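As a plain string of letters, each chain reads:
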Amino acid sequence: MRGVGIVMKVIWQGNIVDRMDVHVDIEDRGYQFGDGIYEVIRVYKGCLFTGKEHINRLYESASKVRLHIPYSFQQMVDMLTRLVKENELQNGSIYVQVTRGVSPRNHLFPPATVETILSAYTKEFSRPVETIYNGVKAKTVEDIRWLKCDVKSLNLLGNVLAKQSAYEAGCFEAIQHRIGMVTEGSASNIAIVVDGKVKTHPANHLILNGIVRQVMLQTCVSNHIQVDEAPFTLEDLMRADEIFMTSTTSEITPIVEVDGTIIGNGMPGPITKKLQSYYEEEIKKQCGSYCL
Ligand SMILES: Cc1ncc(COP(=O)(O)O)c(C=O)c1O
């Protein structure tokens with residue numbers, strides 16, 4: 001870990017530079033329109049966990065909004081790996097974003113000659129063990145977002161409003177729903193457990209197909225836990241035996257209370273705990289004997 005006072009390195013247009021040397025233009029389309037996409041990649045013991053899956057999703061998001069990334073997949077892997085090394089990051093995350101570049105403000109795409117802007121930085125933090133092991137409270141809110149939630153877009157106003165509303169109600173996460181059908185959290189995917197079966201919204205345009213969601217579903221299959229990728233209602237949510245959220249930073253976090261109603265016995269449930277241990281095994285498999 002770098003000491004206090006040492007300037008953090010960041011990626012700016014393919015180069016690793018000091019953070020203080022980066023200047024965002026006032027007409028960057030990411031800044032003015034939220035016209036860009038991003039990824040958050042978890043780093044354990046200096047290793048990019050599910051790095052390929054995140055980078056693949058970055059390219060997929062880019063293609064869905066017709067944004068060009070002028071680096072190959074391998075160049076991206078090399079750049080991000082170099083950044084982690086330069087910053088001596090052990091445990092934390094990499095944030096990487098690509099915007100449609102700098103151009104006089106106009107809703108139309110800028111000319112093809114305008115370069116997209118790629119930036120990335122790292123953040124050091126340890127696993128949120130307290131919430132992972134004890135669980136969190138959630139609040140249900142209406143999902144007011146657009147209809148391309150599968151794109152990891154910089155436009156996060158709906159998510160921001162949802163998260164703030166949950167926070168102001170003393171909750172950790174918001175559970176969003178469209179006319180009573182649960183979609184996902186403000187920054188996570190949501191799953192319920194009913195009679196031993198894991199149920200979560202299908203990966204379509206209404207949710208982000210979370211990487212942790214995908215790892216979790218794979219571990220269910222390998223460990224003979226039944227899964228059902230199908231929409232479920234707010235009533236199903238409130239009656240579930242267990243609820244949990246998945247995300248890169250929260251991993252698999254139990255939700256033990258929703259809108260003031262205790263879920264199950266108010267403690268993380270047995271299937272959630274099993275899935276947490278399988279997830280930790282995955283981390284160890286990819287990142288070595290990370291001390292959990
Ligand atoms: C809206 C939304 N859904 C789901 C997720 C979980 O995705 P992942 O597991 O890839 O972190 C996130 C993560 O930030 C998110 O913002």
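Whatever comes next refers back to the structure up there.
Keep in mind it's a predicted model, so treat the numbers as computed, not measured.

Undergrad: For empty space enclosed by the protein, give the residues involved together with the corresponding values.
TA: Unoccupied space between atoms shows up once a probe the size of one water molecule is rolled over them. In the structure shown here, the tally under the stated rule is 2 cavities of 30 Å³ or more. Here the largest cavity defines a volume of roughly 50 Å³. Lining the largest cavity, in full, are Asp-241, Glu-242, Ile-243, Pro-254, Ile-255, Val-256, Ile-263, Met-267, Pro-268, Gly-269 and Thr-272. For the lining of the largest cavity, the secondary structure elements donating two or more residues are β13 (242–247) and β14 (251–258). Per-element tally for the lining of the largest cavity: the top contributor is β14, with 3 residues.

Undergrad: How would you sum up the site of the ligand? Please name residues and give values.
TA: Residues in contact with the ligand amount to 17 residues; listed here are only the nearest, Arg-57, Lys-152, Glu-184, Ile-211 and Thr-248. Arg-57 is positioned with one of its side-chain polar atoms (N or O) 2.9 Å from an oxygen atom of the ligand. Glu-184 is positioned with one of its side-chain polar atoms (N or O) 2.6 Å from a nitrogen atom of the ligand. Here the ligand loses 92% of its free accessible area of 380 Å² to cover by the protein chains. Put simply, the ligand lies in the largest pocket. Among the secondary structure elements, those contributing two or more residues to the shell around the ligand are α2 (51–64), α6 (211–222) and β13. For the shell around the ligand, the residue count by class is 4 nonpolar, 9 polar and 4 charged.

Undergrad: Give a description of the pattern of salt bridges that names residues and reports values.
TA: Counted under the stated rule, the structure contains 15 salt bridges. Two residues, Asp-143 and Arg-145, come together in a salt bridge whose shortest N-O distance is 2.9 Å. Accessibility expressed as a relative area gives 11% for Arg-145, which makes it buried. Between Glu-281 and Lys-284 there is a salt bridge; the shortest N-O distance is 3.8 Å. On the criterion of helical spacing, the pair formed by Glu-281 and Lys-284 is a turn pair, its members being 3 residues apart in helix α8 (residues 270–287). Residue classification places Lys-284 among the partly exposed residues on the basis of a relative accessible area of 34%.

The rules behind each value
Residues numbered from 1 in each chain as written. Predicted model: local features only at pLDDT ≥ 70, side-chain atom pairs only at ≥ 80, totals over all residues. Heavy atoms only, no water. 1 Å grid on protein atoms, 1.4 Å probe; cavity = no way out; pocket = protein on both sides within 12 Å on 5 of 7 lines; lining within 4 Å. Points joined across faces, edges and corners; volume = space filled by probe spheres on them. Helix = DSSP H or I, 4+ residues; strand = E, 2+ residues; numbered from the N terminus. Near = heavy atom within 4 Å. Polar contact = N/O pair within 3.5 Å; in protein donor to acceptor, adjacent residues only side chain to side chain. Areas by Shrake-Rupley, 256 points an atom, 1.4 Å probe, with all protein chains shown as cover. Sits in = over half its atoms within 2 Å of the grid points. Nonpolar A, V, L, I, M, F, W, Y, C, P; charged D, E, K, R; others polar. Salt bridge = Lys/Arg side-chain N within 4 Å of Asp/Glu carboxyl O. Buried < 20%, exposed > 50% of the residue type's maximum accessible area, 1.4 Å probe, protein only.

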